[in-house]
Amino acid sequence: MKLDQVIAVRPNKTVYLDGDLAIKVFHNDYSKADVLNEALNQARVEETGLPIPMLHEVTKVDDQWAIVIDYIRGKTLAELMEEDPERYDEYMEMFVDLQLEIHRHTCPMLGKLKDKMNRKISQSALDATTRYELHTRLEGMPKHNKLCHGDFEPRNVVIREDGTAYIIDWAHATQGNASADAARTYLLFWLNGDVAGAEKYLKLFCKKSDTAMQYVQKWIPIVAASQSVKGKPEERDFLLHWANIMDYE
């Protein structure tokens, strides 16, 4: 296993390329349980038949946990959107269609999104009154069991040279309500500074899925609160601001 070609560096992991394999090496302070859960998510989503990289191995590299998966050669949708802005709408259509394809699947062994959100809201820095309101709103939302990516953004879709799209990074996959997954994607566009893209995405998702926009918007404070717990420090204030907005305007 060669670790001499770095292809990505994240706050808690480094990804290396070795031939046709991507080796994701986690820092020593990263939870073993989280590494094994990410690998398990990957294996379970593989069984749906969706176009995702195949998991090959969970191992240790110099006493650091590592996950070995297929490396998908191509460009991310984010790169294509930036390189060819005239085709932005076309790429957005492709992006939403892929997310809807994800939501058409179920993955019964995955953790439940509602349970994860309730736990994260309890851990958030919000005051007790706001946490209570968010828990209450979450309990009142319909219970679904659709496959949810949990971090679906253009950077996590890779288009190969032959035009085949692959969906990567399943660390946050759960089963739950598709509109909560859409609310997360909406916030990711905001966090990446593409506010116009966020609004375009939301309108297109709601149109293609025949979902009321107000319904997705009701999820936004819940999702923002749950994401604020492990979010980057520079993103936390932004997410907590959204979490405090009980009624989206």
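A count of helices and strands for the protein chain gives 9 helices and 10 strands. Relative to the compact-globule value of 18 Å for 249 residues, the protein chain shows a C-alpha radius of gyration of 18 Å, a close match. If you line up the protein chain on its principal axes, its C-alpha atoms span 50 × 45 × 35 Å. Expressed as a percentage of the 249 residues in the protein chain, the buried residues total 48%. Looking at the protein chain alone, contacts between residues at least 24 apart form 65% of all its contacts between residues at least 6 apart.

Judged by pairing direction, the sheet is antiparallel, and its 3 strands sit side by side in the order β6-β8-β9 without closing on themselves. Sheet topology places β6 (75–76) and β9 (165–167) at the edges, where each strand pairs with a single neighbour. Two strands pair when backbone bridges link them, and β6 and strand β8 (residues 157–159) are joined in this way by 2 bridges, in the antiparallel orientation. Bridge pairing links T76 to V158 in β8.

Pairing of strand β4 (residues 55–61) with strand β5 (residues 64–70), which is carried by 6 bridges, proceeds in the antiparallel orientation. Opposite K60, over in β5, you have W65 as the bridge partner.

Within this structure, the stated rule accounts for 12 salt bridges. The residue E83 makes a salt bridge to K75 at a minimum N-O spacing of 2.9 Å. What makes K75 partly exposed here is its relative accessible area of 38%. E90 is the partner of R87 in a salt bridge, and the nearest nitrogen-oxygen pair spans 2.6 Å. Overlapping salt bridges, with partners in common, bring together E93, D97 and K208 in one network.

Right, let's get into helix α4 (residues 113–123). It helps to recall that an α-helix has 3.6 residues per turn; residues three or four apart then point in one direction. Among the residues of α4, those classed as buried are L113, K114, K116, M117, N118, K120 and I121. On its buried face, α4 is in contact with α5 (128–140), β7 (146–148), β10 (174–176), α6 (178–191) and α8 (213–227).

A word on the pairing of strand β1 (residues 6–10). Consecutive side chains of a regular strand alternate in pointing toward one face of the sheet and then the other. Looking at chain direction, β1 and strand β2 (residues 13–18) are connected through 4 bridges and run antiparallel. Within β2, the residue paired with R10 across the bridge is K13. Once β1 ends, the chain turns through 2 residues before running back antiparallel as β2.

What follows is about the environment of L126. Structurally, the position occupied by L126 is in the loop between α4 and α5. C-alpha of L126 to C-alpha of A243: the two residues are 117 residues apart in sequence and 8.3 Å apart in space. For L126, the contacting residues outside a window of four places in its chain are R131, L134, A225, L240, A243 and N244.

With antiparallel pairing, 5 strands are arranged side by side in an open sheet as β1-β2-β3-β5-β4. Edge positions in the open sheet fall to β1 and β4, since each of these has one partner strand only. Pairs of neighbouring strands in the sheet enclose a mean axial angle of 20°, with direction left out of account.

This paragraph deals with the packing of aromatic side chains. The full count for this structure, using the stated rule, is 10 aromatic pairs. With 5.3 Å between their ring centres and 75° between their planes, W190 and W242 make a pair best called edge-to-face. Of the two residues, W190 is situated in helix α6 and W242 in helix α9 (residues 233–243); the sequence distance between them amounts to 52 residues. Under the relative-accessibility criterion, W190 is labelled partly exposed at 27%. Centre to centre, the rings of Y201 and F205 are 6.0 Å apart; their planes meet at 35°, and the pair counts as tilted. Here Y201 and its partner F205 are both found in helix α7 (residues 195–209), 4 residues apart, which amounts to about one turn of the helix. Judged by its relative accessible area of 2%, F205 is buried. Members of the aromatic cluster, joined through ring pairs, are F95, F152, F189, Y201 and F205.

Turning to the environment of L188, a few remarks are in order. As for its placement among the helices and strands, L188 is situated in helix α6. The spacing of L188 and A198 is 10 residues in sequence and 8.0 Å in space, taken between C-alpha atoms. Residues in contact with L188, not counting those within four places in the same chain, are D151, F152 and E153.

Rules and cut-offs
Residues numbered from 1 in each chain as written. Predicted model: local features only at pLDDT ≥ 70, side-chain atom pairs only at ≥ 80, totals over all residues. Heavy atoms only, no water. Helix = DSSP H or I, 4+ residues; strand = E, 2+ residues; numbered from the N terminus. Rg over C-alpha atoms; globule rule 2.2 N^0.38 Å. Buried < 20%, exposed > 50% of the residue type's maximum accessible area, 1.4 Å probe, protein only. Contact = heavy atoms within 4.5 Å. Pairing = 2+ DSSP bridges. Salt bridge = Lys/Arg side-chain N within 4 Å of Asp/Glu carboxyl O. Axes fitted to C-alpha atoms, helices over the stretch in contact; angles between N-to-C directions. Phe/Tyr/Trp six-rings, centres within 6.5 Å; stacked < 30°, edge-to-face > 60°.

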